[in-house]
Amino acid sequence: MSDGFEFDLIVIGAGTGGNGVARMAAAEGWKVAIVDRLPYGGTCALRGCDPKKMLVGVTEGVERARAMDGKGLIAEPRIDWAEMMAFKRTFTDAMPGRIEAGHDRAGIATLQGSARFTAPDTVEIDGRAWRARHFHIATGARPATLGIPGEEHLITSTDFLELPECPRRIVFVGGGYIALEFAHIAARAGAETVTVLQRGPRILPNFDPDLTAILAEATEALGVDVHTGAAVSGIAREGNAFAVQYETPDGPKKVVCDVAVHAAGRVPNIEDLNLEAAGVDATKRGIKVSPAMRTSNPAIFAAGDCADSGPNLTPVSANEARIAAKNLLANQDERKIVYPPIPSTVFTLPPLGSVGLSEAAAKEAGHDFDVHFERTERWYSSIRVSAVASGFKVLVERETGHILGAHLIGPGTEEQINLFAMAMGAGLTANRIKAAIFAYPSYASDLGSMV
Ligand SMILES: Cc1cc2nc3c(=O)[nH]c(=O)nc-3n(C[C@H](O)[C@H](O)[C@H](O)COP(=O)(O)OP(=O)(O)OC[C@H]3O[C@@H](n4cnc5c(N)ncnc54)[C@H](O)[C@@H]3O)c2cc1C
Ligand SMILES: NC(=O)c1ccc[n+]([C@@H]2O[C@H](COP(=O)([O-])OP(=O)(O)OC[C@H]3O[C@@H](n4cnc5c(N)ncnc54)[C@H](O)[C@@H]3O)[C@@H](O)[C@H]2O)c1
């Protein structure tokens, strides 16, 4: 290659925000390399969404059997933690090799190590410099540094997904996605005490308060201690255990556990990149990107959790990466990122889902809308599976009939929320949704009654 460049493009980070960009560029005949310091696959496939939901798949069996007990199903569900983890590994173990083989077939050079810029067109990986015309940064996020004494005693979500056995007493620091999803797994897997310590006044503050109240109730019923207004201030060793200290309006308290998990938020993983050397601007919210996903250095793009862009979710990362690749290959900003309504689900049992505006945000924006809020334990879909916690809140604009937001809890949520997202993206009105014919009985067939 001329001008001393080894590559047309080096992609830093082999997760959702990186792999696709490397593939698209290689398919156009570009000379491409991809680097990761961990096995290829990124957070979602190896340490996040997918392994987590393999475990949820097992706990769904427990939940279903317990719910149907006395209703014709005779089962004594119990989780074998080691077997459950082995089941998870049947998915995760094969992934890095499969991704690397795909890159090899596409002619992409696969590098291992930590990349750090030394100049706008050069990165150093384990002491060796590599020059490229372009870079794409997709280095993801990491657990936030909390700045509290003893935080080194916290294990991360990645560590949780590798625990050899279910802890007897487990504490989650934080009350967001990770805390709730993992607390449900641990409680169903047989942990004796599971505690969630959430600093704010309620769990999952970005979700509808009426529905998070239902989830908090269901979580307590599962045996999880949920404390809100509990700001963790330190972790100390106590013999073989740990004391997690937290501040409450009633004064300081502590809870003793065998394992304490960091579930207190994630931040862009960009400190090690030496972005100043590349002329790439960033704030603590991440790498600054234009709507074309271009950074302040026009030869460098960024996408996913490391960028100061959409919410940190896998499909968002994939969408941003696609836009970055299109513009990179076109050598001009011909596409801009446009976020359709983005659904999000907390994979507890029952799951909690949300898309569009919250009730508070819709009011603040001055919309005139009806609120359809109902608990649905007496609906057929819940009765059929003996669900004890289900409900919805859907906001319908009065003048247009458009759906402004949909918030769901209960069985079927994770698919219903996607249907709402599609309906909202397509601009369907409540009447159009009511007029649709869905196979019956199904969770989708409840949609018409929610609007
Ligand atoms: C426990 C957990 C559960 C989650 N569950 C869900 C879910 O159910 N649904 C959902 O939509 N989202 C979920 N997420 C979020 C989702 O995983 C992320 O939004 C998504 O993986 C981000 O993809 P990415 O490509 O931007 O970053 P990542 O997938 O994190 O990839 C970044 C890669 O860059 C590498 N890297 C970092 N720095 C360097 C460097 N200097 N040199 C070389 N390599 C480097 C890392 O090793 C990593 O492999 C979850 C996250 C966690 C932690
Ligand atoms: N199902 C999904 O889509 C899914 C699942 C897991 C993770 N994720 C992604 O990963 C990110 C990180 O997840 P998370 O659960 O760590 O973060 P989160 O942002 O969902 O929740 C963190 C919570 O911890 C609280 N907190 C912070 N410091 C605290 C302290 N000292 N004491 C007590 N509480 C404290 C915060 O108030 C906040 O509500 C999510 O924001 C999301 O982007 C998504």
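Note that this is a predicted model, so its numbers are computed, not measured.

A. Structural detail: the site of ligand 1. In the vicinity of ligand 1 there are 35 residues, among which Gly 13, Gly 15, Gly 42, Gly 140 and Gly 304 approach most closely. When residues of the shell around ligand 1 are traced back to their parent elements, those giving at least two are α1 (16-27), β2 (32-36), α2 (42-47), α3 (49-67) and α10 (314-330). Grouping the constituent residues of the shell around ligand 1 by class yields 13 nonpolar, 17 polar and five charged.

B. View of the confidence of the model for the protein chain. Looking at the protein chain as a whole, its pLDDT mean stands at 97, while 100% of the residues score no less than 70. Across the interface, the model reports ipTM at 0.99; the global pTM reads 0.98.

C. Here's a closer look at the UniProt feature "domain: FAD/NAD(P)-binding" (unreviewed entry) in the protein chain. Under the feature "domain: FAD/NAD(P)-binding" (unreviewed entry), the UniProt entry names residues 7-321. From the first C-alpha to the last, residues 7-321 spans 19 Å; its make-up is 32% helix and 28% strand.

D. Up close: the site of ligand 2. Around ligand 2, the surrounding shell holds 26 residues, and the nearest of these are Gly 174, Gly 176, Ile 178, Arg 199 and Asn 312. At four residues, the largest contribution of residues to the shell around ligand 2 is made by helix α7 (residues 177-188). Each residue belonging to the shell around ligand 2 can be placed in one class, and the counts come to 14 nonpolar, nine polar and three charged. The residues that make up the shell around ligand 2 include at least three from each of domain 2 (151-264) and domain 3 (344-449).

E. Quick peek at the nonpolar core. Core analysis: the largest hydrophobic core is formed by 74 residues, its most contacted members being Val 173 and Ile 403. Of all the elements, α7 adds the most residues to this core, at nine residues. Here this core spans two domains, since at least three of its residues come from each of domain 2 (151-264) and domain 3 (344-449). Apart from the residues lying within four places of it in its own chain, the contact partners of Ile 403 are Gly 356, Val 394, Leu 395, Val 396, Phe 420, Ala 423, Met 424, Ala 430 and Val 451. Among the nonpolar cores identified, the runner-up in size contains 48 residues, and Val 11, Ala 115, Ile 287 and Leu 328 belong to it.

F. The pairing of β2, seen in detail. The element β2 is extensively covered by neighbouring structure, given that five of its five residues are classed as buried. Here β2 shows two buried faces, one formed by Val 32, Ile 34 and Asp 36 and the other by Ala 33 and Val 35. Of the strand pairs in this sheet, strand β1 (residues 7-12) and β2 are connected by four bridges, and their pairing is parallel. In the strand pairing of β2, Leu 9 is matched with Val 32. Crossover handedness for the path β1 to α1 to β2: right-handed. Both β2 and strand β3 (residues 109-112) contribute to a ladder of four bridges, which runs parallel. The partner of Asp 36 across the bridge, within β3, is Gln 112.

G. Structural view of unusual backbone geometry. Of the consecutive residues Leu 349 and Pro 350, the connecting peptide bond is found in the cis state with omega at 10 degrees. By the element assignment, Pro 350 lies in the loop between β19 (344-346) and β20 (352-356). Note the cis peptide between Tyr 440 and Pro 441, where omega equals -5 degrees. Within the element layout of this structure, Pro 441 appears in the segment after α14 (430-435).

H. Layout of the domain arrangement of the protein chain. Splitting the protein chain by domain gives domain 1 (2-64 + 79-143 + 267-330), domain 2 (151-264) and domain 3 (344-449). Summarising the inter-unit geometry, the C-alpha centres of domain 1 and domain 3 are found 33 Å apart.

I. Spotlight on the UniProt feature "domain: Pyridine nucleotide-disulphide oxidoreductase dimerisation" (unreviewed entry) in the protein chain. Sites flagged by UniProt as "domain: Pyridine nucleotide-disulphide oxidoreductase dimerisation" (unreviewed entry) map to residues 342-447. For residues 342-447, the end-to-end C-alpha separation is 18 Å, with 28% helix and 27% strand making up the annotated structure.

Basis of the calculations
- Residues numbered from 1 in each chain as written.
- Chains lettered and ligands numbered in written order.
- Predicted model: local features only at pLDDT ≥ 70, side-chain atom pairs only at ≥ 80, totals over all residues.
- Near = placed C-beta within 6 Å.
- Helix = DSSP H or I, 4+ residues; strand = E, 2+ residues; numbered from the N terminus.
- Nonpolar A, V, L, I, M, F, W, Y, C, P; charged D, E, K, R; others polar.
- pLDDT = per-residue confidence, 0-100.
- UniProt positions renumbered as here; feature names shortened; annotations may be inferred.
- Domains from an automatic or database assignment.
- Core = buried A, V, L, I, M, F, W, Y, C linked by C-beta atoms within 7 Å.
- Buried ≥ 20, exposed ≤ 12 C-beta atoms within 10 Å, placed from the backbone.
- Contact = placed C-beta atoms within 7 Å.
- Pairing = 2+ DSSP bridges.
- Right-handed = clockwise from strand over helix to strand, strands pointing away.

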